Amino acid sequence: MSENILHVENITMQFGGVVAVNNLTLDVGKGEIVALIGPNGAGKTTAFNVITGVYEPTNGRVDFQGQMMLQNHPTGKMAKAYKGENMGMYKHTMVKSPDAIAKLGIARTFQNIRLFSELTVLDNVLIAMHMRAKQNIFSATFRLNYKEEQRMRRAAMELLEIQNLQHLKDDIAGSLPYGIQRRLEIARALATEPKLLLLDEPAAGMNPQETQELTDFIVQIKDQYDLSIFMIEHHMDLVMQISDQIYVLDFGRLIAQGTPEEVSNDPRVIEAYLGVSEDAED
Amino acid sequence: MNPKVKWSIAAVLILLLLGGLYMLEQILPANSIIFTVLQKGAIYSLIAVSLNLLNGFTGLFSLGQAGFMLIGAYTYAVLTIPPESRAAVYQYYDGGIIDFALPVPVAMILAGVAAGICAFLIGLPVLRMKGDYLAIATLGFAEIIRAIVQYDKLGPITNGSNLLRSFPVFHSTLFPFIVSGICIAVICLLINSSYGRAFKAIRDDEIAAEAMGINLFMHKEMALVTSAFFAGIGGALLAMFQMMVQARAFTSAMTYEILLIVVIGGIGSVTGSVIASFLFIASSEWWLRFLDEAQFIGGMQVPFLRPGFRMVVFSVIIMFVVLFYRKGIMGTKEFSIEGIYRFFTKGRSKAGKGAK
């Protein structure tokens, strides 16, 4: 078995009395494409938000590249209200802000696109390069980082060329068509030089042809940038075609996991998510 | 357009402006209202641009600018009053405890640094808040600064609630223009740098900015400290312009004036802020002054005109701007040589097409 880049262990996320993610354990292997599927409201995006530091998990731990990245356990009021499992299994608290996690090498896209909509396409990509640039506020203001800036601009243009967006570089991001905004968001995530890319419904709102292009593109960038990819997606064609491993979530709980064949034949998954086709009943 | 051509046109325009100002000073009497407007307009431009860096480019709704100006003005004044004048200025505090005077440029930079340090400390608790809460907290801190400076026990340094005077002032309109110009140029360089892009990213979407690895708190601190630094220098210039400083003048009303300039000029436009400052100062100090005095047309007194009526008209104008020009004079656009060039060439190419 290949080395795991991301290891999520017994993660529970409880908001007040609502358990959005319940005792989720999953692994993303190095160089793998892993999909997280499930009906609406199953807690998929919440799981993403925990991994990227937007929410602090209520209980459980997350490891990245073999190192502990997050860990938490219920304290204070939550200790009494906690409805999840594995209470008392985790003793430490380790919380990281989203920017620290991005710096470790986890980049993400958002379900409802979050581009810097008043800025140009090129600026959007350049902003993602900001954190890794060798500069400080003085060298940047007085243009002493000229070479670094030039390097950033070249790298940003390369990323736009891969996405075939170079001719739009001076357009305002918010004015672009939906599909292009999605592609730009992936280009921006790649600009942070990630090791693990989290895609939250990358094909949402795309037609079959665009979805197919996206499928090819995901495989292409995975190989080109040596990435591992963890994605939430509803398009079953895309998921079944390229995933190495699929996890199925329902009401915050993992109900199945395995290869695409295993998952698509699992009766619980069919009942909860894929649905029984009318023809099959005959 | 070729950047070399662009920069040389900009250089020529700046020289023309400075030359024009110099000529004006030779021709007109020194007490002409035009100089008051130009000097104060230049100073307010700097302060408005510094506030715009926060409000317009980083998306932090801060109302602490008067506090930072006050620190700048006091730092400058306290450090530059010549020792021989101190006995007269600090008459209630035995001549104060400082008996040296620093050169003007050093004191001006220290004025900015003092305001910057203060902003850094205020930022530690305040920048964890957002939106209206941040506005109220910064407003509160500005008032606290004003109260502390007037504290009697600090009298040997700040002269308590008495005014500070006798410090070196400028005699030429060129001085505030050059200082403000340099400071605004630095702010523009910052805005167009990698850090400026990060600030704009925070303004557009904090969650996305954070997911792209931008440390929100650190970048907000940077924006606040930079803004306060230039507000401090602006405060020092204002002290020089007024030839005296008194903490009582740096009220929240002053912050609102500057906020108004930023809104009228366009939140997120540097040139908008500059244009709006001159317009604002010219109307409040000059064009609308007649409304405060009784005027007669053919022996009949015009109704309503009395001291204070200027502010009524002013408020109405502002309401119109906010209602109908919500984006201000410039919106988020910038007034640039390239823009004018494009405007004219576009016009020409259209005309050319028409001829065909």
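Residues numbered from 1 in each chain as written. Chains lettered and ligands numbered in written order. Predicted model: local features only at pLDDT ≥ 70, side-chain atom pairs only at ≥ 80, totals over all residues. Heavy atoms only, no water.

Some points on the side chain of Asp200 of chain A
Residue and element names in this part refer to chain A.
Link 1 in the chain: The residue Asp200 is located in strand β7 (residues 196–200) in this model.
Link 2 in the chain: Of the side chains with opposite charge, Arg108 lies nearest to the buried Asp200, which makes no salt bridge, at 4.0 Å.
Link 3 in the chain: Side chain to side chain, Asp200 and Thr45 meet in a polar contact 3.2 Å long. (Helix = DSSP H or I, 4+ residues; strand = E, 2+ residues; numbered from the N terminus. Buried < 20%, exposed > 50% of the residue type's maximum accessible area, 1.4 Å probe, protein only. Lys, Arg positive; Asp, Glu negative; His and termini not counted. Salt bridge = Lys/Arg side-chain N within 4 Å of Asp/Glu carboxyl O. Polar contact = N/O pair within 3.5 Å; in protein donor to acceptor, adjacent residues only side chain to side chain.)

Regarding the sheet that holds strand β4 (residues 59–64) of chain A
All names here are of chain A.
Link 1 in the chain: As summarised here, the arrangement of the four strands in space is β2-β1-β4-β5, forming an open sheet in which the pairing is antiparallel. Edge positions in the sheet fall to β2 (18–29) and β5 (67–72), since each has one partner strand and no second. This sheet shows a mean twist of 15 degrees between the axes of neighbouring strands, independent of strand direction.
Link 2 in the chain: One ladder, built from five bridges, connects strand β1 (residues 4–15) with β4; its direction is antiparallel. Across the sheet, the residue bridging to Thr12 is Asn59, located in β4.
Link 3 in the chain: Docked against the sheet, helix α1 (residues 44–51) engages β1, β2 and β5, running at close to 115 degrees with respect to β1. (Pairing = 2+ DSSP bridges. Axes fitted to C-alpha atoms, helices over the stretch in contact; angles between N-to-C directions. Contact = heavy atoms within 4.5 Å.)

Remarks on the packing of helix α8 (residues 174–191) of chain B against helix α13 (residues 270–287) of chain B
Residue and element names in this part refer to chain B.
Link 1 in the chain: Two elements in contact, α8 and α13, have axes separated by 11 Å at closest approach and are oriented at 155 degrees. The pairing of α8 with α13 is recorded here as roughly antiparallel in orientation. Every pair of crossing elements has a handedness; the one defined by α8 and α13 is right-handed. The segment α8 lies against α13, with Phe177, Ile184, Cys188 and Ile191 engaging Val270, Val274 and Phe278.
Link 2 in the chain: Among the residues making up the contact of α8 with α13, the classes are represented as seven nonpolar, no polar and no charged. (Parallel < 35°, antiparallel > 145°, perpendicular 65-115°, else oblique. Left-handed = near helix turned anticlockwise from the far one by under 90°. Nonpolar A, V, L, I, M, F, W, Y, C, P; charged D, E, K, R; others polar.)

Concerning the sheet that holds strand β10 (residues 253–258) of chain A
Residues and elements named next belong to chain A.
Link 1 in the chain: With respect to topology, six strands assemble into an open sheet ordered β6-β7-β8-β3-β9-β10, the strand pairing being mixed. Edge positions in the open sheet fall to β6 (106–108) and β10, since each of these has one partner strand only. If you compare each strand with its neighbour and ignore which way they point, the axes differ by 20 degrees on average.
Link 2 in the chain: By the bridge criterion, three bridges tie β6 to β7 in an arrangement that is parallel. Pairing of Arg108 across the sheet is with Leu198, part of β7.
Link 3 in the chain: Contacting β6 and β7, helix α7 (residues 178–190) crosses the sheet at an angle of about 160 degrees to β7.

Looking at a nonpolar patch on the surface
All names here are of chain B.
Link 1 in the chain: On the surface, Ile33, Ile275, Leu279, Trp286, Trp287, Ile329, Phe335, Ile340, Phe343 and Phe344 cluster together to form a nonpolar patch covering roughly 970 Å² of accessible area.
Link 2 in the chain: The residue Phe343 is located in helix α15 (residues 337–355) in this model.
Link 3 in the chain: For Phe343, a relative accessible area of 60% gives the class exposed. (Patch = residues over 30% accessible without salt bridge, like charges linked within 9 Å, V, L, I, M, F, W, Y side chains within 5 Å. Areas by Shrake-Rupley, 256 points an atom, 1.4 Å probe, with all protein chains shown as cover.)

Here we look at the pairing of β5 of chain A
Residues and elements named next belong to chain A.
Link 1 in the chain: Across five bridges, the pairing between β4 and β5 is antiparallel. Note on β5: the bridge partner recorded for Gly60 is Asn72.
Link 2 in the chain: In this antiparallel pair of consecutive strands, β4 and β5, the connection spans two residues, and Gln65 shows a positive phi of 55 degrees.

So, the domain arrangement of chain A
All names here are of chain A.
Link 1 in the chain: Once the domains are mapped, chain A shows domain 1 (4–105 + 194–281) and domain 2 (115–189).
Link 2 in the chain: Placing a centre on the C-alpha atoms of domain 1 and another on those of domain 2 gives a separation of 28 Å.
Link 3 in the chain: Taken together, the contacts link 18 residues of domain 1 with 10 residues of domain 2.
Link 4 in the chain: Interface of domain 1 and domain 2: buried area, both sides summed, is about 1,100 Å²; carbon and sulfur atoms make up 65% of it.
Link 5 in the chain: Among the residues of domain 1 in contact with domain 2, Lys103, Phe217 and Tyr225 are the three that bury the most area, contributing 35% of the side total.
Link 6 in the chain: The tally of links between domain 1 and domain 2 comes to zero salt bridges.
Link 7 in the chain: Seen at the junction of domain 1 and domain 2, the total is two residue pairs in polar contact (both at pLDDT 80 or more).
Link 8 in the chain: For the side of domain 1 that touches domain 2, the secondary structure elements donating two or more residues are α3 (98–104), β7 and α8 (208–224). (Domains from an automatic or database assignment. Buried area = accessible area lost by both parts, 1.4 Å probe.)

Some thoughts on the interface of chain A and chain B
Link 1 in the chain: Contacts between chain A and chain B engage 30 residues on the former and 26 residues on the latter.
Link 2 in the chain: Surface buried jointly by chain A and chain B totals about 2,500 Å² across both partners, of which 64% is contributed by carbon and sulfur atoms.
Link 3 in the chain: It is Phe116, His130 and Ile137 of chain A that lose the most area in chain A upon contact with chain B, and together they represent 23% of the buried surface on that side.
Link 4 in the chain: The interface formed by chain A and chain B includes three salt bridges.
Link 5 in the chain: Residues Arg114 of chain A and Asp205 of chain B are paired through a salt bridge, measuring 3.0 Å at the closest nitrogen-oxygen approach.
Link 6 in the chain: Here chain A is connected to chain B by 10 residue pairs in polar contact (both at pLDDT 80 or more).
Link 7 in the chain: At the level of elements, α3, α4 (121–129), α5 (137–141) and α6 (146–162) of chain A are the ones that each hand at least two residues to the side of chain A that touches chain B.
Link 8 in the chain: At four residues, the largest contribution of residues to the side of chain A that touches chain B is made by α4 of chain A.
Link 9 in the chain: Taken together, the residues of the side of chain A that touches chain B sort by class into 14 nonpolar, seven polar and nine charged.

Points about the environment of Leu134 of chain B
All names here are of chain B.
Link 1 in the chain: Relative to the helices and strands, Leu134 is located in helix α6 (residues 131–149).
Link 2 in the chain: Overall, Leu134 belongs to the buried group, its relative accessible area being 2%.
Link 3 in the chain: Between the alpha carbons of Leu134 and Pro168 there is a distance of 36 Å; along the sequence they are 34 residues apart.
Link 4 in the chain: Dropping the residues within four chain positions of it, Leu134 is found in contact with Leu60, Phe61, Val126, Leu127 and Met129.

Description of the packing of helix α3 (residues 65–80) of chain B against helix α11 (residues 216–242) of chain B
All names here are of chain B.
Link 1 in the chain: The interhelical angle for the contact between α3 and α11, taken along N-to-C directions, is 55 degrees, at an axis separation of 6 Å. As far as their axial angle goes, α11 and α3 are oblique. In the crossing of α3 with α11, the sense of the turn from one axis to the other is right-handed. Across the interface between the two elements, Gln65, Phe68, Met69, Gly72, Ala73 and Tyr76 of α3 pack against Leu224, Ser227, Ala228, Ala231, Gly232, Gly235, Ala236, Leu238, Ala239 and Met240 of α11.

Thoughts on the pattern of salt bridges
Link 1 in the chain: Per the stated rule, a full pass over the model turns up 15 salt bridges over all chains.
Link 2 in the chain: Where Arg253 of chain A meets Glu85 of chain A, a salt bridge forms, and the shortest distance between an N and an O atom there is 2.5 Å. One end of the pair, Arg253 of chain A, is in strand β10; the other, Glu85 of chain A, is in the loop between α2 (77–81) and α3, with 168 residues separating them in the sequence.
Link 3 in the chain: Here Arg151 of chain A ties to Glu148 of chain A by a salt bridge, and the two come within 3.1 Å at their closest N and O atoms. Of this pair, Arg151 of chain A and Glu148 of chain A both sit in helix α6, three residues apart, roughly one helical turn.
Link 4 in the chain: A relative accessible area of 34% means that Arg151 of chain A is categorised as partly exposed.
Link 5 in the chain: For Glu148 of chain A, a relative accessible area of 13% puts it in the buried group.
Link 6 in the chain: Via salt bridges that share partners, Glu118 of chain A together with Arg203 and Asp204 of chain B belong to a single interconnected network.

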